[in-house]
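# Structure at a glance
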Amino acid sequence: MQNKGLVKLFAVLFGLVSIYQLSFTFKNNAIENNAAQLAESKIEASATDRTTKVNDYATSYLDSLATSKESVFLGNTYEDVKQNSMKLGLDLKGGLEAILQISVKDLLIGLANDSKNPTFRKALDDADEIQKNSQNTYLEDFYVAFDAIKGDKKLASPDIFANRSLVGEIDLNMSDSDTKRVLETKVDESIVSAFEVLRKRIDEFGVTSPNIQRLGNSGRVLLELPGVKDVARATDLITQTAQLEFWEGLKADQFNQFLIQANDLLKTKLEAKTTSEETTEAKELSEEEKAIAALTGEENETVNEVNPLLDLMAGPGFGATLAQFNIADREQVLSYLSMPEVKALLPSELKHTKFVFGKPTENSELVDLFVLKGNRDNEPPLNGAVVTDARQSYNQANKVVVSMQMNSKGAKIWEKMTGEAFKTQGQIAVVLDNTVYSAPSSSTGPIAGGSTEISGSFSLSEATDLANVLRAGKLPARAEIIQSSIVGPSLGQEAIDSGTMSFGIALALVLIWMVFYYGKGGLFADIAMLFNILLIFGVLSGIGAVLTLPGIAGIVLTIGMSVDANVLIFERIREELSKGKDQKSAIQDGFSNALSSILDANITTGLTALILFVFGTGPIKGFATTLLIGIGTSLFTAIFITRLLVDWYSNRGGQLDFSTGLTKNLFRNINIEFLKKRKVAYIISAVALVLSLGSLFTNGLDQGIDFVGGRTTQVRFAEPVSAVEIEGILASQDVFGSATVKTVGDDNNLKISTKYKINETANEVDEEVTSKLYTALQPYLKGVSFEDFKDLSKADKQIGIMDQYKVSPSIADDIKQASFWAVLGSLVVVFLYILFRFKRWQFSLGAVAAVFHDVIIVLGVFSITYKFMPFSMEIDQAFIAAILTVIGYSLNDTVVVFDRIREFFNEYTGWEFDKVIDSSLSSTLSRTLNTSLTTLVVLLAIFIFGGESIRGFMFALIVGVIVGTYSSLFIATPIMYDFVKKGNAADALKKKEVVVDETVVK
């Protein structure tokens, strides 16, 4: 090998840079451990809720360290150290991952000035229905729905989009196609605005290494908040629209007559409805039932007089407060007051009155109903757009408030409003997201300068979050969480422990195996492999990639691939030595001859990993990232670092046999006639395929909520529980109506899935599902409170909810579609690559047929066994990642065999085609079995010790490796042979291309 000095320089530089990058991780861990120890020492052992207080103290200490500019490591502040350290994913650190859907429907309604045009509204409703089974954006489906019903109506109608707010952009003469272009621009601008608002809010929230990405043009935004402890608070922060408005308050005594009239009207309507129902019921009574009713006196019962509205009043009103009501009656009261016939009772000067409830005070069952001075356009005199700054502070009574500063325009309006309130002794209501937070009066006259504050029984965190939201601005439309994954820190720590154990065991087994099989050569491969691991972690840390549990699996799998490259090289060197070549020539030719197979095998695997990276999200993208990085570093270490070590030892006079006494003659002089056995293999495969397809069509697959939508919650109990018993309780009509419960790992861990109200994605529905779950499971929770049950912030949590996952049906359909295209795309790409490398479609056909064979059998195994396996075998995004990895692995084996066939055909020109193939397969058998064995050892280590969450993922890979090894020997090559005519086979296998620069490898 020439340019050894350059290779050594690069190796040293790469190694030093990796060590430097990883040093930040070690330092960050040391600082965090020190903070934890300090907190432990500061909080007394007898303190109430000590764990929470210890965590709060440690967090406060780290926050103060982060804001200081003090150097803590190599001239870097703690903030720099934290930013440069290895970032852990949600499954390792805990936290929240969510996909938010910005409501394009709300944006369109806003652009249309809340138009009530029936065609427009019908098109919106139809678009909602189309979206349930559509891959289009909401805007595209709205166009489809509108075009289907528009008749002679245009989008640029004055009562739709040709309105005041779009003057100069849409006019009455514009065609629908021109209007659509404007709408697409406006909607895109609004989504960009929403994205920026969310980014600002998250930046203010103080989460370490948050990730926010816009997903295409669908109005979806991906959020990853690793390490966030208060998930409910974070959820509120990112979904709150922050529609801040200031309205003038009216006097409650103006509505006394209205309340009486409204109550009388409602009573009349109620009595009419009751009479109608009684009449209907009487008609349905039989003669016998009438006689019984007469005897019991039921016919003479009188109905007690009720006052539908007045009876709901729980307290008097004053100022702008009309009355107090029970919190549970809010929706009923608003439904009464919004009835057209009730609103018609308002005096003409009050006909635009807004009825808005206030923010309930803590520990109170009552809430105030305010009367505000509305207008025809339903627009407030002042809104939150004028707010330039907002801060959490304290008022004169030492209560937590939010102080705001307005711009000059807002300050003028505010001065006028407060002046008017002072003159009339009225109130100004501060309304946030249609809730009155406070309604202060002005006791000192007009307030100049634009300063004001919002009070409302805030906690410190609530005031801080509200100030952050107001500074960032309001969302232009609702943001609903349509997919979310919440992992508690205790489950994350368990994942770290299991991942570390599996990694260590797998690494140790592979290191021992290589030395056992290849002797001193194996030791050099081990050194290169350890250097490879250092580079992988260094690159991950340097580029800011997030390490996930599947990512650890990707790194461990990379170890197997690194072994594969060394096995290919060492097997070729052994072949050259067996031909009688001296050691130096055998090493040189072995490295050179193995290079083509190594590159082809890694490129095919890399292509599938790349597709996985493009289509995957979250942890799956982490798996693809580590796999891609591992492929690059494995090539470098196997081709160059191992070569440096081998050459160094050889040049010093050392003897290398690349075997030990036990393995010296293993797999030597093998000559198996594979092609004669292909018909038997075809029969075996046909039976396996028929069984697999039969089970897939009859038994189906255990589709996870990734593909069907739903909510999944992992709950841990103090003692073992029966999954069947719990499923019976939760599936009852009193709870969810339907539910699936599975044991995950130990008998006290259950995975509970339900589709209850899955089309409703609001936070309130999530809370309702959690509440129902808690109520149903209470007998098994041994006195655990609801707050402790749902709290995911505790690092030492052992009972209750450990993680939660939600996918709405709309995004589930998208995930399924993306998974299909990922698998199909990988097959097409690989087919084209093999066609490019081997020049004949028969090679591509053989490879892709083998891949189809492997995928169908893996699916069949899952279909046949998922009902009785002691671990989850759901078909989800992780399973698709496993399928793509199986494709890459299967092709890896097949390409190595094809490469040897091409080589033998050129070397032994007088051999028959079948002899070339049998000899090629026999000569690569050692490499095939060796690589498969080491890879299986690695996968089994992860399967056994790597944690419950990826056990199904690992099982798919194990089955895939076994089936892929078989198919590369008995399916791919025989099919290629049967489709290639012997007469022109030589044309298919011309001299292979020179794939490396001779100045690098000789």
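Residues numbered from 1 in each chain as written. Predicted model: local features only at pLDDT ≥ 70, side-chain atom pairs only at ≥ 80, totals over all residues. Heavy atoms only, no water.

## Some thoughts on the overall build of the protein chain
Heads up, the condition is: The numbering of helices and of strands both runs from the N terminus, where a helix is a DSSP run of H or I of at least 4 residues and a strand a run of E of at least 2. When a residue's accessible area, from a 1.4 Å probe over protein chains only, is under 20% of the maximum for its type it is buried; when over 50% it is exposed; and in between it is partly exposed. Residues count as neighbours in contact if any of their non-hydrogen atoms are within 4.5 Å of one another.
For the protein chain, the count of helices and strands is 32 helices and 23 strands. Relative to its full complement of 1002 residues, the protein chain shows a buried share of 52%. Counting contacts in the protein chain only where the partners sit at least 6 residues apart, residues at least 24 apart contribute 74% of the total.

## Concerning the sheet that holds strand S14 (residues 400-406)
What counts is decided by this rule: Only strands joined by at least two bridges in the DSSP assignment are considered to pair. As a rule, the C-alpha atoms of each element are fitted with a line to give its axis, helices using only the stretch in contact, and angles between N-to-C directions run from 0 to 180 degrees.
In spatial order, the strands read S13-S14-S17; together these three strands make up an open sheet with antiparallel pairing. The sheet terminates laterally at strand S13 (387-394) and strand S17 (451-454), the two strands that pair on one side only. Taking the axes of each pair of neighbouring strands and ignoring which way they run, one obtains an average angle of 25 degrees across the sheet. Strands in contact with helix H14 (residues 408-424) are S14 and S17; relative to S14, the strand with the most contacts, it is inclined by about 115 degrees.

## Observations concerning the packing of helix H21 (residues 678-698) against helix H27 (residues 841-865)
Each pair of packed helices can be summarised by the angle the axes make with each other and by the distance between the axes. Worth spelling out the cut-off: Should an angle fall under 35 degrees it is taken as roughly parallel, and over 145 as roughly antiparallel, whereas 65 to 115 is taken as roughly perpendicular and any remaining angle as oblique. We call a crossing left-handed when the near helix sits turned anticlockwise from the far one by less than a right angle, and right-handed when that turn is clockwise. Under the convention adopted here, Pro, Cys and the residues Ala, Val, Leu, Ile, Met, Phe, Trp and Tyr are nonpolar, Asp, Glu, Lys and Arg are charged, and Gly plus all remaining residues are polar.
Put simply, H21 and H27 touch, their axes get as near as 8 Å, and they point 50 degrees apart. On the basis of their axis angle, the class for H21 and H27 is oblique. Handedness of the crossing formed by H21 with H27: left-handed. Where H21 approaches H27, its residues Ser685, Ala688, Leu689, Leu691, Ser692, Leu693, Ser695 and Leu696 are matched on the opposing element by His853, Ile856, Ile857, Leu859, Gly860, Ser863 and Ile864. Its residues placed into classes, the contact of H21 with H27 shows nine nonpolar, six polar and no charged.

## A few points about the sheet that holds strand S10 (residues 354-357)
In a beta sheet, neighbouring strands are held together by backbone hydrogen bonds and run either parallel or antiparallel to one another. Read across the open sheet, the four strands follow the order S8-S9-S11-S10; overall the sheet is antiparallel. The open sheet terminates on both sides in strands that have one partner only, identified here as strand S8 (313-316) and S10. With strand direction ignored, the average angle separating the axes of adjacent strands in the sheet is 30 degrees. Relative to strand S9 (residues 321-326), S8 runs antiparallel, the two being bridged by three bridges. Among the inter-strand pairings, methionine 313 is bridged to a residue of S9, identified as phenylalanine 325. Packed onto the sheet, helix H12 (residues 330-337) meets S9, S10 and strand S11 (366-372) and runs at close to 180 degrees relative to S10.

## Digging into the nonpolar core
Where we set the bar: Nonpolar cores are built from buried Ala, Val, Leu, Ile, Met, Phe, Trp, Tyr and Cys residues. Side-chain atoms within 4.5 Å join them into one set.
Among the nonpolar cores identified, the biggest contains 131 residues, and Met514, Phe879 and Ile887 are the most heavily contacted of them. Looking at this core element by element, the count peaks at 17 residues for helix H28 (residues 877-907). If sequence neighbours within four positions are ignored, isoleucine 887 has contacts with Thr608, Val823, Ser826, Leu827, Val851 and Val855. The next biggest cluster of nonpolar side chains, apart from the first, holds 72 residues, and it includes Ala123, Leu124, Ile160 and Ile202.

## Remarks on the environment of aspartate 854
For clarity, the threshold we go by: Polar contacts here mean pairs of N or O atoms no more than 3.5 Å apart (in protein, one a potential hydrogen donor and the other a potential acceptor; neighbouring residues in sequence count only if both atoms are side-chain atoms).
If you trace the backbone, aspartate 854 turns up in helix H27. Given a relative accessible area of 1%, aspartate 854 falls into the buried group. Sequence spacing of aspartate 854 and isoleucine 887 is 33 residues, and the spatial spacing of their C-alpha atoms is 7.8 Å. For aspartate 854, the contacting residues outside a window of four places in its chain are Val886, Ser890, Val963, Gly964 and Ser967. Engagement of the side chain of aspartate 854 in a polar contact is seen with the side chain of histidine 853, the distance being 3.0 Å.

## Quick word on the pattern of salt bridges
The condition that has to hold: Any carboxyl oxygen of Asp or Glu within 4 Å of a side-chain nitrogen of Lys or Arg constitutes a salt bridge here.
Tallied over the entire structure, the rule returns 32 salt bridges. Here lysine 579 makes a salt bridge to glutamate 907, at a shortest N to O gap of 3.9 Å. Here lysine 579, found in the loop between helix H18 (549-578) and helix H19 (583-615), pairs with glutamate 907, found in helix H28; they are 328 residues apart in sequence, far enough to count as distant. In the salt-bridge network here, residues are joined through shared partners; they are Glu576, Lys579, Lys581, Asp589 and Glu907.

## Details of the pairing of strand S7 (residues 244-248)
Along S7, four of the five residues are buried, which leaves the element largely enclosed by surrounding structure. Of the strand pairs in this sheet, S7 and strand S15 (residues 428-432) are connected by five bridges, and their pairing is antiparallel. Across the sheet, glutamate 245 pairs through a bridge with valine 431, a residue of S15. Looking at chain direction, S7 and strand S12 (residues 382-383) are connected through two bridges and run antiparallel. For phenylalanine 246, the partnering residue across the bridge sits in S12 and is leucine 382.

## Thoughts on helix H17 (residues 520-542)
What counts is decided by this rule: Take the number of residues in a helix, subtract one, and multiply by 1.5 Å to get its expected span.
Look at H17: 33 Å from first C-alpha to last across 23 residues, which is about the 33 Å you get at 1.5 Å a residue. Just downstream of H17, glycine 544 is the residue with a positive phi angle, here 75 degrees.

## Notes on unusual backbone geometry
Although it is not a glycine, leucine 74 sits at a positive phi angle of roughly 50 degrees. Here leucine 74 is to be found in the loop between strand S1 (71-73) and strand S2 (76-77). The backbone of asparagine 113 sits at a positive phi, close to 55 degrees, despite the residue not being glycine. One can find asparagine 113 in the loop between helix H5 (104-111) and helix H6 (118-131).

## Remarks on H27
An α-helix turns once every 3.6 residues. As a result, residues three or four positions apart point the same way. Over its 25 residues, H27 extends 36 Å from the first C-alpha to the last, a length consistent with the 36 Å expected when each residue adds 1.5 Å. Where burial is concerned, most of H27 is hidden: 18 out of the 25 residues are buried.

## Re the side chain of glutamine 842
Along the chain, glutamine 842 falls in helix H27. The buried category is assigned to glutamine 842, whose relative accessible area is 4%. The residues touching glutamine 842, leaving out its near neighbours within four places in the chain, are Met976, Phe979 and Val980.

## Topic: the packing of aromatic side chains
Here is the rule we go by: In this scheme Phe, Tyr and Trp rings, the latter by its six-membered ring, pair at centre separations within 6.5 Å, and the angle between planes marks the pair as stacked below 30 degrees, edge-to-face above 60, and tilted otherwise. Throughout this description, the term charge over a ring refers to an Arg CZ or Lys NZ atom that lies within 6 Å of the ring centre and within 35 degrees of the ring normal.
Tallied over the full model, the rule gives 33 aromatic pairs. Ring centres of phenylalanine 325 and phenylalanine 357 lie 6.1 Å apart, and the angle between their planes is 85 degrees; on these two criteria the pair is classed as edge-to-face. With phenylalanine 325 in strand S9 and phenylalanine 357 in strand S10, the pair connects residues that are 32 residues apart, well separated along the chain. One cation-aromatic arrangement involves lysine 180 over tyrosine 143; the distance from NZ or CZ to the ring centre is 4.9 Å. Against the face of tryptophan 911 rests lysine 915, its NZ or CZ located 4.4 Å from the ring centre.

## Some details on a nonpolar patch on the surface
As a reminder of what qualifies: Patch building starts from residues that exceed 30% relative accessible area and form no salt bridge, then joins like charges within 9 Å and nonpolar side chains (Val, Leu, Ile, Met, Phe, Trp, Tyr) within 5 Å. To measure how exposed things are, a 1.4 Å probe is used in the Shrake-Rupley method; for residues, cover is taken only from the protein chains shown.
A surface patch of nonpolar side chains, about 830 Å² in accessible area, is lined by Leu610, Phe613, Val614, Phe615, Phe820, Trp821, Leu824, Val828 and Leu832. Breaking the nonpolar patch down by element, the ones donating at least two residues are H19 and helix H26 (809-838). Of the residues forming the nonpolar patch, the biggest block, five residues, is contributed by H26. Within the element layout of this structure, phenylalanine 615 appears in helix H19.

## Quick look at the packing of H6 against helix H7 (residues 138-149)
The N-to-C vectors of H6 and H7 enclose an angle of 125 degrees; their axes lie 8 Å apart at closest approach. In terms of their interaxial angle, H6 and H7 are classed as oblique. The chirality of how H6 crosses H7 is right-handed. Where H6 approaches H7, its residues Thr119, Phe120, Lys122, Ala123, Leu124, Asp126, Ala127, Asp128, Ile130 and Gln131 are matched on the opposing element by Tyr138, Asp141, Phe142, Val144, Ala145, Phe146 and Ile149. Taken together, the residues of the contact of H6 with H7 sort by class into eleven nonpolar, two polar and four charged.

## What about the confidence of the model for the protein chain?
Parts of the model with low pLDDT should not have their predicted coordinates read in detail. Test applied: Known as pLDDT, the predictor's per-residue confidence is scaled from 0 to 100.
With 88% of its residues at a pLDDT of 70 or more, the protein chain has an overall mean of 80. Under a pLDDT of 50 for its full length, residues 291-304 has, in the predicted model, five contacts with residues more than four places off or in other chains. In this model residues 990-1002 is a low-confidence stretch, pLDDT under 50, and it forms 27 contacts with partners more than four residues away in sequence or in other chains.

## Focus: the environment of phenylalanine 955
Within the secondary structure layout, phenylalanine 955 lies in helix H31 (residues 951-979). Placed 16 residues apart in sequence, phenylalanine 955 and leucine 939 show a C-alpha to C-alpha distance of 8.2 Å. When near neighbours in sequence (up to four residues on either side) are disregarded, phenylalanine 955 contacts Val861, Phe862, Met869, Phe871, Met873 and Phe943.

## A few points about the pairing of strand S22 (residues 749-754)
For S22, the buried fraction is high: six of the six residues fall into the buried class. The side-chain alternation of S22 yields two buried faces, one formed by Asn749, Lys751 and Ser753 and the other by Leu750, Ile752 and Thr754. Pairing geometry for strand S20 (residues 710-716) and S22, over six bridges, is antiparallel. Each residue of the ladder has a partner; that of arginine 711, found in S22, is threonine 754. Bridge analysis of strand S21 (residues 740-743) against S22 gives four bridges, and the strand direction is antiparallel. Of the residues in S22, the one forming a bridge with valine 741 is isoleucine 752.

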